[in-house]
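Geometric and topological summary
Residues per chain, in single letters:
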Amino acid sequence: SQTIHQWPATLVQPVGSPLSLECTVEGTSNPNLYWYRQAAGRGLQLLFYSVGIGQISSEVPQNLSASRPQDRQFILSSKKLLLSDSGFYLCAWSVVLGTHTDTQYFGPGTRLTVL
Amino acid sequence: AQSVSQHNHHVILSEAASLELGCNYSYGGTVNLFWYVQYPGQHLQLLLKYFSGDPLVKGIKGFEAEFIKSKFSFNLRKPSVQWSDTAEYFCAVRPSGGGSYIPTFGRGTSLIVHP
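Residues numbered from 1 in each chain as written. Chains lettered and ligands numbered in written order. Predicted model: local features only at pLDDT ≥ 70, side-chain atom pairs only at ≥ 80, totals over all residues. Heavy atoms only, no water.

**Concerning the side chain of B:N75**
Residues and elements named next belong to chain B.
- Tracing the sequence through the fold places N75 in strand β9 (residues 73-78).
- N75 sits in the buried class, given a relative accessible area of 19%.
- A polar contact is formed between the side chain of N75 and the side chain of E20, at a distance of 3.1 Å.
- Aside from chain neighbours lying at most four places away, what touches N75 is E20, L21, G22, C23, W35, E64, A65 and E66. (Helix = DSSP H or I, 4+ residues; strand = E, 2+ residues; numbered from the N terminus. Buried < 20%, exposed > 50% of the residue type's maximum accessible area, 1.4 Å probe, protein only. Polar contact = N/O pair within 3.5 Å; in protein donor to acceptor, adjacent residues only side chain to side chain. Contact = heavy atoms within 4.5 Å.)

**Structural notes on the layout of surface pockets**
- One number sums up the size of the largest pocket: a volume of about 280 Å³.
- For the largest pocket, the lining is made up of 16 residues, of which A:Q38, A:F88, A:R111, B:Q38 and B:Q42 are closest to its centre.
- Looking at the lining of the largest pocket, the elements that each hand over two or more residues are β4 (32-39) of chain A together with β10 (87-95) of chain B.
- With three residues, β10(B) is the largest single contributor of residues to the lining of the largest pocket.
- Its residues assigned to classes, the lining of the largest pocket shows eight nonpolar, six polar and two charged.
- Considering only enclosed or pocket space, the second largest pocket measures out at about 170 Å³ in volume.
- The wall of the second largest pocket is formed by A:R37, A:A39, A:R42, A:G43, A:Q45, A:S84 and A:S86. (1 Å grid on protein atoms, 1.4 Å probe; cavity = no way out; pocket = protein on both sides within 12 Å on 5 of 7 lines; lining within 4 Å. Points joined across faces, edges and corners; volume = space filled by probe spheres on them. Nonpolar A, V, L, I, M, F, W, Y, C, P; charged D, E, K, R; others polar.)

**Remarks on the side chain of A:S94**
Residues and elements named next belong to chain A.
- Tracing the backbone through its elements, the reader meets S94 in strand β9 (residues 87-94).
- Its relative accessible area of 0% is what places S94 among the buried residues.
- Looking at S94, its side chain comes within polar contact range of the side chain of Y34, at 2.6 Å.

**Remarks on the sheet that holds strand β3 (residues 19-26) of chain A**
Residues and elements named next belong to chain A.
- With antiparallel pairing, the four strands of this open sheet are ordered in space as β1-β3-β8-β7. Since the sheet does not close on itself, it has two edges, and those belong to β1 (3-7) and β7 (64-70), each with one partner. Taken pair by pair, the neighbouring strands of this sheet meet at an average axis angle of 20°, ignoring direction.
- Sheet analysis places β1 next to β3, joined by five bridges and oriented antiparallel. Each bridged residue has a counterpart across the sheet, and for W7 the counterpart in β3 is E22. (Pairing = 2+ DSSP bridges. Axes fitted to C-alpha atoms, helices over the stretch in contact; angles between N-to-C directions.)

**Observations regarding the interface of chain A and chain B**
- Residue-level contacts link 23 residues of chain A with 19 residues of chain B.
- In total, about 1,700 Å² of surface goes out of reach between chain A and chain B, with carbon and sulfur atoms giving 57% of it.
- Counting across the chain A and chain B interface gives zero salt bridges.
- Here chain A and chain B share four residue pairs in polar contact (both at pLDDT 80 or more) between them.
- Put simply, the parts of the chain that give the side of chain A that touches chain B at least two residues each are β4, β5 (43-52), β9, β11 (100-101) and β12 (105-106) of chain A.
- Counting residues per element, the side of chain A that touches chain B draws most heavily on β5(A), at five residues. (Buried area = accessible area lost by both parts, 1.4 Å probe. Salt bridge = Lys/Arg side-chain N within 4 Å of Asp/Glu carboxyl O.)

**A few points about the pairing of strand β13 (residues 110-114) of chain A**
All names here are of chain A.
- The alternating pattern of β13 places T110, L112 and V114 on a buried face and R111 and T113 on a face that is not buried.
- Inspection of the sheet shows strand β2 (residues 10-13) paired to β13 by four bridges, in the parallel sense. Across the sheet, the residue bridging to V12 is T113, located in β13.
- When β9 meets β13, the two strands line up antiparallel, connected through three bridges. When the sheet's bridge partners are listed, Y89 is paired in β13 with T110.

So, in structure tokens, the structure goes:
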């Protein structure tokens, strides 16, 4: 069965410091991968998605970036964190079945606090 | 682009009460529809989904949702809630076919069930 891991689970970082959040998926090949930010009362905001290694699409321009160095690894980064980057970051995966994309499945999330 | 509206941001019920959470979307074409649930301290998980066929969809834990195309709605229901249903519920919609794979999420509804 497929599983998705995110680490760290929680992170406290000072303003201006770099960020690296990692997401890995097991038990599937060539998944679509996604990074979301969840803010209370505001639902899920799609940040990045990837359909393959090295292929990243950005939905929201900001000081975050994403990379996909391996098929089942998705990394969210920042060179300099802002206070507004605080939030709950979720990674998700889905697979393509023919011309149809299946359901998204979510990881446990990373709670980021920028001080 | 599609959008999703969840009318109830906060719902408070007593155990055994019936539940209906509203979800409306705006999109002119055919859609896939999802309800996700996030229990306190747990990750987002799929409750049920509609891709095609019977518009009344049964999910886990006694939940069901009905797709009413004419009303652009996909309301979530449960005849008798339990304290353990306390969670945040998210509706999501995605255009079906054509390689579309990015769902749009509603802002979520926080459900509190009192024992």
